[in-house]
Each structure stands twice: as structure tokens, then as C-alpha cells.
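The lines below spell out each chain.
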2 protein chains.
Amino acid sequence: MNKHDRRVKKTIKALQSALADAMLDKELQKITVQELVNKADIHRATFYSHYHDVYDLYEQMEHDAISEFTKFINDNPAGHYENIYNSIIDYIYENPALSRLLFFGKGIDHKFQEHMYDIIEEKYLEIWMQEENISSVSEEMLYMATYHIQGCLSIISLWIKNNFSTPKEKIIQLIYSIDASWNMP
Amino acid sequence: MNKHDRRVKKTIKALQSALADAMLDKELQKITVQELVNKADIHRATFYSHYHDVYDLYEQMEHDAISEFTKFINDNPAGHYENIYNSIIDYIYENPALSRLLFFGKGIDHKFQEHMYDIIEEKYLEIWMQEENISSVSEEMLYMATYHIQGCLSIISLWIKNNFSTPKEKIIQLIYSIDASWNMP
DNA sequence: CTATAATTGTTGCCTAAACGACACTGCCGC
DNA sequence: GCGGCAGTGTCGTTTAGGCAACAATTATAG
């Protein structure tokens, strides 16, 4: 199967949307193939030509999201810390259903957050070392990074939970102001 | 071509959405096939297997909308006048892009409004005659109907123009109260 | 004016998706 | 128990859509 074929892309996307939708109010194990193909308006046989079962779909979906997200973060120039969050917030805002799923989907291990944290920390420390012109990271800095990044992620998490009712700009501004008033040790 | 084939339906829908989108800020004659297939993510050859040109797409789209709308109005039991507006508002609310196009699309003749008026008036008079137990409609009643229907349509039109920012329920309530305080001659 | 970029219809081949049917499993209520 | 109902995989066939390439016609710019 050629994954660049329009039909394939559309099918994948439709199934992913269907799963994202279904997972918001149902556990992964309770979701049937039947249900998904109905939602996605796809023939059932087509589902099996792409995935083995619902878990397979979910795993590929999570994997895709992580890849895409990593790419999104790394592609962005991100000369400053703030730009990382800009990228994150942009990405989430552009993919609300996927974000809701990965942050609050029922019956999943939530290892996506860990992945996300790792990606952000890596980028964060990279910029940090570059700006401060240092070559290694102290243990203390890692603790501070954890505190700061997890804190910001929790803000974003709450933002998603609130269905993006707070304007995107306000969230960015909020994180900016935290960043600004916060002095690195 | 089997119009009940999923692929056909999806293609048609994608092209209709693309056109609806394009027409909001561009005249029909300025819209290219290329542009539409890009927006719809459809191969250009596929477009030509369904439509002769952009005008053809638009005409079929308008025709479909009118049919569907008529069906929607007539299917609803609509024992009372208010229910007509309920149906209309529901339909519009469920098809925001299409509605915006048909009401405010650039470079079209707006004959859709006339069609809509005709459908509503017919249903309106039907109920009227049934409720008042009369068999014919006086000239005076036609004038009153015009006044009332066009007035309500203009409210709905404004509602669409305002991007549905007023809650649906409020519009319904508004029209209900007008209806209630209004005594038939 | 000219080049060059963009759009237009149309074609033949290829393939992913649609479809319906199949036998099978599991579940629930009578 | 058993009938019915929903879901599961899988298969063969048909077909709409994808694709690339084509010649021809418009813009659009240099």
C-alpha cells in the first residue's frame, strides 16, 4: 500500500478521527471495529487492510502523533524557550481532537505525556546550554527543568481540559510571563 | 456512477465544501477547478468525471440543497407555524457553510432565497388553512404571509451573517414571541 | 512581445476502497 | 437450551479514484 495515495491518507485520517472521537467517552477495549468503520464511513474490509485490530490502530496513531509532534518541535527554529511552548500550543490548537485523546483518552497508558516531556526537555536543555554557553547540564538544572516544564505542561493540560475556552494568546502570554519572572539558577 | 457509493458521496461532499469555502471570498467565475480540487484533496480527473465545470458543480449544489431542504421541511410533522421555523433553523444550524454560501455567496443570483420563501409560504398557508378550516387563501392573507415570512427570514439571515453568535434557542424564542404576539387578520 | 507559468480537458493504466457474502464467535434474553 | 443479534475476519469481484502525461489554452510577468 502506498501511504502517499490520497485514498489511503483519507482512510487513515477518518479512522483516526473516529477513534479519537470514540475514546473520549469509551475505553479502548470497549470500542468495536464495527463502530469505528461506521463513524469513519469506511467499509469494514478496508479497516482490516490497514490494521489488525483496534489496538493496532491506536498504537500507530500514538506513534504517528509522537513523530509528527517531534518533527513539529524540531523544525521550528525556536531560538528561545518561549518558542517551544508556542510550537506546542500551536500544534495542540491545530489538532484539538488528537490532543484531547492523547491527554485524556480513556483506558490508555498516557505514555504520550512522557514522550512529550522528553522531547520538550531535550529541546529546552539544548537551548539552555546554547544560551548560557555551557557544555553539560547539572543535576540541579534537571530538577528545575522538570519543575518548569511539568508546570507549563499542566497549564496546557488544563487548557485542553477546558476545551480551549481560554484564548490561545492568553495561554501563551501566561507562560511567557512565568518564563520572564523566573530566573534560572 | 452509483451515487450511493461511499467514494462518490465523499467526493461530492468534499467538492461542495471546497466550493462553499471558496465562494465566501471569491466570485464564482474567479474560482478554478484546480483550486477546488486542491482544497478538496481530490484528483482533478475525478472532478471532471462528475462535473463539467465549476458552474455545473454550483448548480447541482444549489439544486441538491433545495431538494434536501424541501424534504426536510415536509418530512417534519409541523403541526404549527413555529415548527416550520424550528425546522429551518435546525437545518441551517446543521449546515452552516452551505447556508452561508446560499445566503451570502458572492456572484450568484440568490434565487435560493426565493425558493426558500416559496417552500415556507406553501407550508405556512397549508397549516393556516388547516387550522382556520378554510379552503382558499385571500389576497390579504398572502400579503400578511409575505410580511411575516420575509420578516422572519431576515432575522434568520442576520443570524447567519452574525456567524450564529446568537444562540439558536434565542432565535427560536424570538420568532416564537413574534408569532405569539401577532394576531392573524 | 515573449517566455513561462498556470489552468484546462482528456486519456490509459493501476490500485485502494466498496460491496456482498461467507463461516465463525460470543452474548443476551426467552 | 436455543434463537437471534452483533461483531469478527476473510475473500472474490467490481469500480471509483488516483496518477502521470498529454496537447491546448489562457493568464502573468519580465
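Quick note: structure is the one above.
Here's a quick rundown of the structure.

Basis of the calculations
- Residues numbered from 1 in each chain as written.
- Chains lettered and ligands numbered in written order.
- Predicted model: local features only at pLDDT ≥ 70, side-chain atom pairs only at ≥ 80, totals over all residues.
- Helix = DSSP H or I, 4+ residues; strand = E, 2+ residues; numbered from the N terminus.
- Buried ≥ 20, exposed ≤ 12 C-beta atoms within 10 Å, placed from the backbone.
- Contact = placed C-beta atoms within 7 Å.
- Expected span 1.5 Å × (residues − 1).
- Near = placed C-beta within 6 Å.
- Nonpolar A, V, L, I, M, F, W, Y, C, P; charged D, E, K, R; others polar.
- Core = buried A, V, L, I, M, F, W, Y, C linked by C-beta atoms within 7 Å.

### Notes on the overall build of chain A
Item 1. Counting its secondary structure elements, chain A contains nine helices and zero strands.
Item 2. Ordered by position from N to C terminus, the α and β elements of chain A give α-α-α-α-α-α-α-α-α.
Item 3. Overall, the C-alpha framework of chain A stretches about 55 × 35 × 25 Å when taken along its three principal axes.
Item 4. When burial is assessed residue by residue, chain A has 22% of its 185 residues classed as buried.
Item 5. Taking all contacts inside chain A whose residues are at least 6 apart in sequence as the whole, residues at least 24 apart take part in 65%.

### Here we look at helix α1 (residues 6-23) of chain B
Item 1. For α1 of chain B, which comprises 18 residues, the first-to-last C-alpha distance of 26 Å matches the rise-based estimate of 26 Å (1.5 Å per residue) to within 8%.
Item 2. Packed against the buried residues of α1 of chain B are α2 (33-40), α3 (44-48), α4 (54-75) and α6 (96-104) of chain B.

### Some words on unusual backbone geometry
Item 1. Even without a glycine there, the phi angle at N133 of chain A is positive, about 55°.
Item 2. What makes N133 of chain A exposed here is the crowd of 6 C-beta atoms within 10 Å.

### A look at the protein's contact with DNA strand D
Item 1. In the vicinity of DNA strand D, 23 residues are found, and the nearest of them are V33 and A45 of chain A together with T11, H43 and A45 of chain B.
Item 2. Going through the elements one at a time, α1 (6-23), α2 (33-40) and α3 (44-48) of chain A together with α1 and α3 of chain B are the ones with two or more residues in the surface near DNA strand D.
Item 3. A per-class count over the surface near DNA strand D returns seven nonpolar, eight polar and eight charged.

### Let's talk about the nonpolar core
Item 1. In this structure, L15, A18, L19, A22, M23, L36 and L57 of chain A are the most contacted members of the largest nonpolar core, which totals 34 residues.
Item 2. For this core, the elements supplying multiple residues, two or more each, are α1, α2, α4 (54-75), α5 (81-94), α6 (96-104), α7 (111-132), α8 (139-161) and α9 (168-180) of chain A.
Item 3. Other than its neighbours up to four places away in sequence, L15 of chain A contacts L36, A40, I42, F47 and L57 of chain A.
Item 4. Judged by nonpolar contacts, the second largest core, of 33 residues, contains L19, M23, F47 and A65 of chain B.

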